[in-house]
Amino acid sequence: MNAFRRLPLFALTSISLALFANDATTETQSSKETTPMSKIVPIAIEKSFLEGKGLVEDDPSEYEDYTKSVDGEKRDPTSRSSSHIFHHDKIHVSVIEAGPDKVRIEGLPYDEFVHIVMGRLILTLDDGRKFEFEQGDSLIVPKGFVGIWEMPERYRELVVVDTEALPAP
C-alpha cells in the first residue's frame, strides 16, 4: 500500500520533469535557429604558417603608397616579402615574412598590431630614437608612423589591422 501512495507522486514528478526538459529543448533549439552566431566558428592560426611554411610571395606594389627606399641605400633584392592571410573581414590577420631590409615608412595608413615570430625589428623615428623588438615581442605601430622600419635579418610577424583603415585596392 505504501508503494501505491508513492506511484502518483512519482508519475507527477516524471511528467513535470519531461515537460520541463521538453520546454528547455524547444527553447534551446529555437534560440539556435534565430541566432546567427551559431554559424560563427573560430579560425585557427596554423603553426605551419607561423613557421614560415606555405607563405605566398607578395606583390611589392602593395606597400608603395607609404614606403620608399632609405636615402642612399640600395634595397636587398632577396628581401622580398611573402605572407598568408588568415582572416579578412572587420580585421585583417596575416603572417608576413621579409628581410633583411630597411625601408622608410611615410605615414602608416592604419594602426597595426605586430607579434614578432622570428627575427628582430628596429623602428627609428626621425628624431633619432630607436625602438628594438625581437622574437616573442608584441607592439602596436600607430597610424601615421613616420620613420625607418629595419629588419636586420630574416623577419616574420603576425599582423592584425583594422580593415576600415586599409587603402582601397
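Scroll up a little and you will see the structure.
Presented here is a report on the structure given in the accompanying data block.

How each quantity is defined
Residues numbered from 1 in each chain as written. Predicted model: local features only at pLDDT ≥ 70, side-chain atom pairs only at ≥ 80, totals over all residues. Heavy atoms only, no water. Helix = DSSP H or I, 4+ residues; strand = E, 2+ residues; numbered from the N terminus. Buried < 20%, exposed > 50% of the residue type's maximum accessible area, 1.4 Å probe, protein only. Contact = heavy atoms within 4.5 Å. Pairing = 2+ DSSP bridges. Salt bridge = Lys/Arg side-chain N within 4 Å of Asp/Glu carboxyl O.

This part takes up the overall build of the chain. Counting secondary structure elements, the chain contains 2 helices and 11 strands. Ordered by position from N to C terminus, the α and β elements of the chain give α-α-β-β-β-β-β-β-β-β-β-β-β. Every one of the 169 residues in the chain was classed for burial, and the buried ones make up 30%. A separation of at least 24 residues holds for 72% of the contacts in the chain among residues at least 6 apart in sequence.

Next up on the list: the sheet that holds strand β4 (residues 91-98). With antiparallel pairing, the 6 strands of this open sheet are ordered in space as β1-β3-β4-β11-β6-β9. On the outer flanks of this sheet lie β1 (56-57) and β9 (138-141), each paired with one strand and no other. Bridging between β4 and strand β11 (residues 155-162) involves 8 bridges; their strand directions are antiparallel. Bridge pairing in β11 places V95 opposite L158.

For the rest of this paragraph, the subject is the pattern of salt bridges. Here the structure, examined in full by the defined rule, presents 8 salt bridges. When the shortest N-O distance is used, the salt bridge between R120 and E132 registers 4.0 Å. With R120 in strand β7 (residues 120-125) and E132 in strand β8 (residues 130-134), this residue pair connects regions lying 12 residues apart in the sequence. Accessibility expressed as a relative area gives 53% for E132, which makes it exposed. Of the charged contacts, one joins R120 and E153 as a salt bridge, the two residues approaching to 3.1 Å between their closest N and O atoms. Of this pair, R120 sits in strand β7 while E153 sits in the loop between β10 (146-151) and β11, placing them 33 residues apart in sequence. Its relative accessible area of 32% is what places R120 among the partly exposed residues. Take E153: its relative accessible area is 28%, and that puts it in the partly exposed class. Three or more residues joined by partner-sharing salt bridges are found here, namely E97, R154 and R156.

Moving on to the pairing of β7. For β7 and β8, the ladder comprises 5 bridges, and the chain directions are antiparallel. Residue pairing across strands places L121 opposite F133, the latter belonging to β8. Between β7 and β8, which follow one another and run antiparallel, lie 4 residues, and G128 among them has a positive phi close to 100°. Pairing analysis gives 4 bridges linking β7 to β10, with the strands arranged antiparallel. Bridging across to β10, I122 finds its partner in E150.

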